[in-house]
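Understanding the architecture of this molecule
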Amino acid sequence: MSPRWNTNPDVRTGRHVVYNLHVHLVFVTKYRRNAFTDAMLTRTEEIMREVCADFEAELKQFNGEQDHVHLLVHYPPKVQLSKLVNSLKGVSSRRLRQEYDSHVRRYLWGGHFWSGSYFAGSCGGAPLTAVRQYIENQQRPV
């Protein structure tokens with residue numbers, strides 16, 4: 001690499017791409033039921049780290065409350081975000097129901113763990129106003 005290249009651990013490279021993609025995800029339990037315990041949140045984090053690793057993504061941050069979880073995921077551009085979310089929710093739901101069956105059945109029924117919806121917000125980099133200004137100030141050829 002060039003000596004001018006400033007090494008930032010969040011900026012990754014592929015064969016034809018340099019990227020820094022982060023997404024903030026929020027998953028809510030079905031019916032917003034207070035199904036999580038501290039042990040379940042810890043196990044959920046482990047499961048979601050494994051799923052992210054399968055997608056060559058990295059779970060940077062994880063936390064939650066009784067009825068929802070927050071994730072900060074650093075993912076490569078080849079990953080389709082909807083497929084990552086589908087795997088995160090599907091695998092975690094299946095494993096949590098297997099491992100904490102009696103507890104989960106008190107709060108949730110019908111084979112569902114997560115609500116069908118989720119929040120996904122892009123994060124990192126410059127604010128939109130700075131990006132807009134940078135693009136507007138490009139020198140167009142005459």
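Attention in this report is confined to the structure presented alongside it. (Residues numbered from 1 in each chain as written. Predicted model: local features only at pLDDT ≥ 70, side-chain atom pairs only at ≥ 80, totals over all residues. Heavy atoms only, no water.)

**Some points on the pairing of strand β4 (residues 58-64)**
- Relative to strand β5 (residues 68-74), β4 runs antiparallel, the two sharing 6 bridges. Among the inter-strand pairings, Asn63 is bridged to a residue of β5, identified as His70.
- Here β4 folds back onto β5, and the loop between the two strands holds 3 residues. (Pairing = 2+ DSSP bridges. Helix = DSSP H or I, 4+ residues; strand = E, 2+ residues; numbered from the N terminus.)

**Description of helix α2 (residues 81-99)**
- With 19 residues, α2 extends 27 Å from end C-alpha to end C-alpha; this agrees with the ideal 27 Å at 1.5 Å per step.
- Of all the residues in α2, the buried ones are Leu84, Val85, Leu88, Lys89, Val91, Ser92, Ser93, Leu96 and Arg97.
- Where α2 is buried, its residues touch β3 (22-29), α1 (38-54), β5, α3 (101-107) and β6 (114-123). (Expected span 1.5 Å × (residues − 1). Buried < 20%, exposed > 50% of the residue type's maximum accessible area, 1.4 Å probe, protein only. Contact = heavy atoms within 4.5 Å.)

**Structural notes on the packing of aromatic side chains**
- Tallied over the full model, the rule gives 6 aromatic pairs.
- Seen from their ring centres, Phe36 and Phe113 are 5.5 Å apart, and the 75° between their planes marks the pair as edge-to-face. Here Phe36, found in the loop between β3 and α1, pairs with Phe113, found in the loop between α3 and β6; they are 77 residues apart in sequence, far enough to count as distant.
- Both rings, one in Phe113 and one in Trp114, keep their centres 5.0 Å apart while their planes meet at 75°; by these two values the pair is edge-to-face.
- Residue Phe113 is classed as buried on the basis of its relative accessible area of 1%.
- Grouping aromatic residues by their ring pairs yields a cluster made of Phe27, Phe36, Phe113, Trp114 and Tyr118.
- One cation-aromatic arrangement involves Lys30 over Tyr31; the distance from NZ or CZ to the ring centre is 5.5 Å. (Phe/Tyr/Trp six-rings, centres within 6.5 Å; stacked < 30°, edge-to-face > 60°. Lys NZ or Arg CZ within 6 Å of the ring centre and 35° of its normal.)

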